[in-house]
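A closer look at the structure
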Amino acid sequence: KEVKRMKKFAALAAAIAVLASASAAFAQDVTVKVNGETVVFDQQPVMDGDQLLLPFRFIAEKLGANVSWYEDNSESFIIRQVLCQKGDSVTVMQIGNQNIFVNDKVIALDKAPVIIGDRTLVPAAAIEGATGATVTWNKDAAEVTVSSAEK
């Protein structure tokens, strides 16, 4: 019983440490445009080192994808996954795992998906892999442009 309690405490402490380090790096005044439309989020993009992390669900849904969440908090492990379907493409991302799975291929990300402000934030490559869109980051203008492949 004590071991279970220690594992839960360790998991909680790790989650707090991740949130504390990421929360100090909110990207101020970043404009995000999806297919030319400026969008506003309830969770702003975050800088993690030199990598901009973007709210996944909102952008993917704007691009026509269906996004769902799966979580299993068993006593021995925690699984938190985002499932994304767009057309014939199915993407599985696991929080904390730098590899995402798009159909039968693996895409290695520079940064793993994280949860901040109750939202999943991902690097641009995850959005590109899951939706087929092109994502560009203009650091000087603090602007992200997401362009759908169907345009």
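Residues numbered from 1 in each chain as written. Predicted model: local features only at pLDDT ≥ 70, side-chain atom pairs only at ≥ 80, totals over all residues. Heavy atoms only, no water.

1. Side note on the pattern of salt bridges
Per the stated rule, a full pass over the model turns up five salt bridges. Residue Lys111 pairs with Asp48 through a salt bridge whose shortest N-O separation is 3.8 Å. Of this pair, Lys111 sits in the loop between strand E9 (105-108) and strand E10 (114-116) while Asp48 sits in strand E3 (residues 46-48); the two residues are 63 residues apart in sequence, bridging distant segments of the chain. Given the relative accessible area of 25%, Lys111 is considered partly exposed. (Salt bridge = Lys/Arg side-chain N within 4 Å of Asp/Glu carboxyl O. Helix = DSSP H or I, 4+ residues; strand = E, 2+ residues; numbered from the N terminus. Buried < 20%, exposed > 50% of the residue type's maximum accessible area, 1.4 Å probe, protein only.)

2. A few points about the sheet that holds E9
The strand order E5-E6-E7-E8-E9 describes an open sheet built from five strands, whose pairing is antiparallel. Only two strands of the sheet have a single neighbouring strand rather than two, namely strand E5 (66-73) and E9. Put simply, the sheet's adjacent strands are angled 20° from each other on average, direction ignored. Packing of helix H3 (residues 124-131) onto the sheet brings it into contact with strand E6 (78-86), strand E7 (89-94), strand E8 (99-102) and E9, and relative to E7 it is tilted by some 150°. (Pairing = 2+ DSSP bridges. Axes fitted to C-alpha atoms, helices over the stretch in contact; angles between N-to-C directions. Contact = heavy atoms within 4.5 Å.)

3. Considering the environment of Lys33
Locating Lys33 in the fold gives a position in strand E1 (residues 31-34). The class for Lys33 is partly exposed, based on a relative accessible area of 28%. Spatially, the C-alpha atom of Lys33 lies 8.3 Å from that of Ser147, the residues being 114 residues apart in sequence. Leave out the neighbours within four places in its chain, and Lys33 touches Thr38, Glu143, Val144, Thr145 and Val146.

4. Looking at the confidence of the model for the chain
Mean pLDDT over the chain works out to 85, with 80% of the residues at or above the 70 mark. The least confident element of the chain is helix H1 (residues 2-23), whose mean pLDDT is 48; the most confident is E8, at 97. Long-range and interchain partners of residues 19-24, a stretch whose pLDDT sits below 50, account for four contacts in this model, where long-range means more than four residues apart. (pLDDT = per-residue confidence, 0-100.)

5. Description of H3
Buried within H3 are the following residues: Ala124, Ala126, Ile127, Ala130 and Thr131. Down the axis of H3, the buried set is contained in an arc of 160°. They therefore lie on one face. In the segment just after H3, Gly132 is the residue with positive phi, at about 80°. (Arc of directions from axis to C-beta.)

6. Here's the deal with the packing of aromatic side chains
With the rule as written, the count across this model stands at one aromatic pair. Geometrically, the ring pair formed by Phe41 and Phe58 is edge-to-face, given 5.3 Å between the ring centres and 80° between the ring planes. Residue Phe41 is found in the loop between strand E2 (37-39) and E3, and its partner Phe58 is found in helix H2 (residues 56-62); the two are separated by 17 residues along the sequence. Given a relative accessible area of 9%, Phe41 falls into the buried group. (Phe/Tyr/Trp six-rings, centres within 6.5 Å; stacked < 30°, edge-to-face > 60°.)

7. A closer look at the sheet that holds E2
Ordered in space as E2-E1-E13-E12, the four strands form an open sheet in which the pairing is mixed. Of all the strands in the sheet, the pair left with one neighbour each is E2 and strand E12 (134-138). Strand-to-strand, the axes of this sheet are offset by a mean angle of 25°, without reference to chain direction. One ladder, built from five bridges, connects E12 with strand E13 (residues 143-147); its direction is antiparallel. Each bridged residue has a counterpart across the sheet, and for Thr136 the counterpart in E13 is Thr145.

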